[in-house]
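Working through the structure, step by step
Listed here are the chains, written in short residue letters.
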Amino acid sequence: MKVKHCLVAAALLFALTTAHAADKITIGVIQYDLTDIDKSFKDLHEQGFGSCEINYRKNTLTKDFAEKVKEASKKYDIKVTTLVGVPGSKSTWNFRKGPATIGLVPTEERAEKIKVYHEMIDFCAMADIPAMHSHFGFIPEDPSSEQYKDFIKVMQDLANYAKERNVLIYFETGQETPTTLIRAIKDIGTGNVFINCDLANLLMYGKSNSLDAVKLFGPLIKEFHAKDGKYPDPNNPYELGAEVPIPTGEVNFPAVIAELKKQGFQGAVTIECELNGSQHDYVIKTRKYLQELLDK
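Below you will find a few notes about this structure. (Residues numbered from 1 in each chain as written. Predicted model: local features only at pLDDT ≥ 70, side-chain atom pairs only at ≥ 80, totals over all residues. Heavy atoms only, no water.)

This part takes up the sheet that holds strand S2 (residues 51-55). One closed barrel accounts for eight strands, arranged S1-S2-S3-S4-S5-S6-S7-S10; its pairing is parallel. For this sheet, the mean inter-axis angle between neighbouring strands, taken without regard to orientation, is 30 degrees. Pairing of strand S1 (residues 26-31) with S2 involves four bridges; the strand directions are parallel. Bridged to valine 29 within S2 is cysteine 52. Across the sheet, helix H5 (residues 110-127) is in contact with strand S3 (79-84) and strand S4 (131-134); its angle to S4 comes to roughly 150 degrees. (Pairing = 2+ DSSP bridges. Helix = DSSP H or I, 4+ residues; strand = E, 2+ residues; numbered from the N terminus. Axes fitted to C-alpha atoms, helices over the stretch in contact; angles between N-to-C directions. Contact = heavy atoms within 4.5 Å.)

All right, on to unusual backbone geometry then. A cis amide bond, omega 0 degrees, links isoleucine 246 with the succeeding residue proline 247. By secondary structure assignment, the location of proline 247 is in the loop between strand S9 (243-244) and helix H10 (253-262).

On to the nonpolar core, then. Membership of the largest hydrophobic core comes to 77 residues, with the highest contact counts inside it found for Met132, Phe136, Phe171 and Phe224. For this core, the leading source of residues is helix H6 (residues 146-163), giving nine residues. Discounting chain neighbours no more than four positions away, the residues touching phenylalanine 136 are Ile102, Gly103, Leu104, Val105, Tyr117, Phe151, Met155, Leu158, Ile169, Tyr170 and Phe171. (Core = buried A, V, L, I, M, F, W, Y, C linked by side-chain atoms within 4.5 Å. Buried < 20%, exposed > 50% of the residue type's maximum accessible area, 1.4 Å probe, protein only.)

Quick look at the packing of aromatic side chains now. Enumeration over the complete set of coordinates arrives at eight aromatic pairs. For the ring pair phenylalanine 224 and phenylalanine 265, a centre distance of 5.0 Å and an interplane angle of 85 degrees mean the geometry is edge-to-face. Taken together, the residues phenylalanine 224 in strand S7 (residues 221-226) and phenylalanine 265 in the loop between H10 and strand S10 (268-271) connect sequence positions 41 residues apart. On the basis of an interplanar angle of 80 degrees and a centroid distance of 6.4 Å, the ring pair of phenylalanine 253 and tyrosine 289 is categorised as edge-to-face. (Phe/Tyr/Trp six-rings, centres within 6.5 Å; stacked < 30°, edge-to-face > 60°.)

Structural data, given as structure tokens:
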């Protein structure tokens with residue numbers, strides 16, 4: 001009987017833990033329109049969202065705008081989780097040119113990109129946004145290579161700049177395997193670098209099954225991008241896999257949501273839509289779908 005009671009108690013504890021985690025998870029979107037942040041946050045609140053990311057816009061991140069963001073966030077109970085941006089005039093989203101153009105692994109335009117990242121970090125500090133995140137490049141697989149060592153040093157400098165301002169940095173997943181990203185974060189070693197887990201990117205770059213990655217990353221994940229996609233076409237290994245509407249791709253959202261609840265995740269699941277068509281209708285429909293999974 002004691003064993004039976006223990007099992008029942010354990011089951012109840014697990015149920016309460018996962019329910020508590022689900023209550024703390026917010027569903028958000030990426031806010032691209034920054035022209036009237038009060039109206040934008042009001043609309044998000046009325047549509048049932050609890051959080052958002054702000055997309056970087058040049059010549060926008062002023063002290064005055066930071067105050068407007070803080071005011072609207074408090075007024076409409078919309079938590080701004082990150083500032084997201086990928087600087088660089090030559091970034092090319094494929095396997096042919098991506099490794100040489102995206103993020104801080106390539107040296108070309110590196111100084112200009114770091115300047116933008118500093119601007120983003122400074123704005124996060126002004127606007128009380130906890131983190132900024134980006135694609136920082138195709139991290140080399142070989143940790144003994146000079147390119148890898150150089151990248152780690154550059155990221156350490158950037159992370160320390162953010163740490164001095166009490167800001168976190170998130171790697172958005174995609175361009176490397178989970179193990180490579182975990183190794184890089186460990187080697188950076190500043191304690192303020194974590195992960196924005198883009199569920200579709202892991203597939204679209206051919207790097208990992210999303211559920212396996214979530215299990216590997218564990219507590220390193222601070223935020224998710226809710227996006228669906230497919231593996232690259234074997235007949236065209238030069239291009240990323242296709243993004244498709246949730247839940248028509250290869251991301252197992254029910255299993256991923258169940259896993260993050262099991263882990264006690266209490267961050268944001270942010271809908272990212274880079275598809276053509278009626279984005280507003282898609283986002284509303286997807287929010288409902290994700291909420292139903294969280295409520296199970």
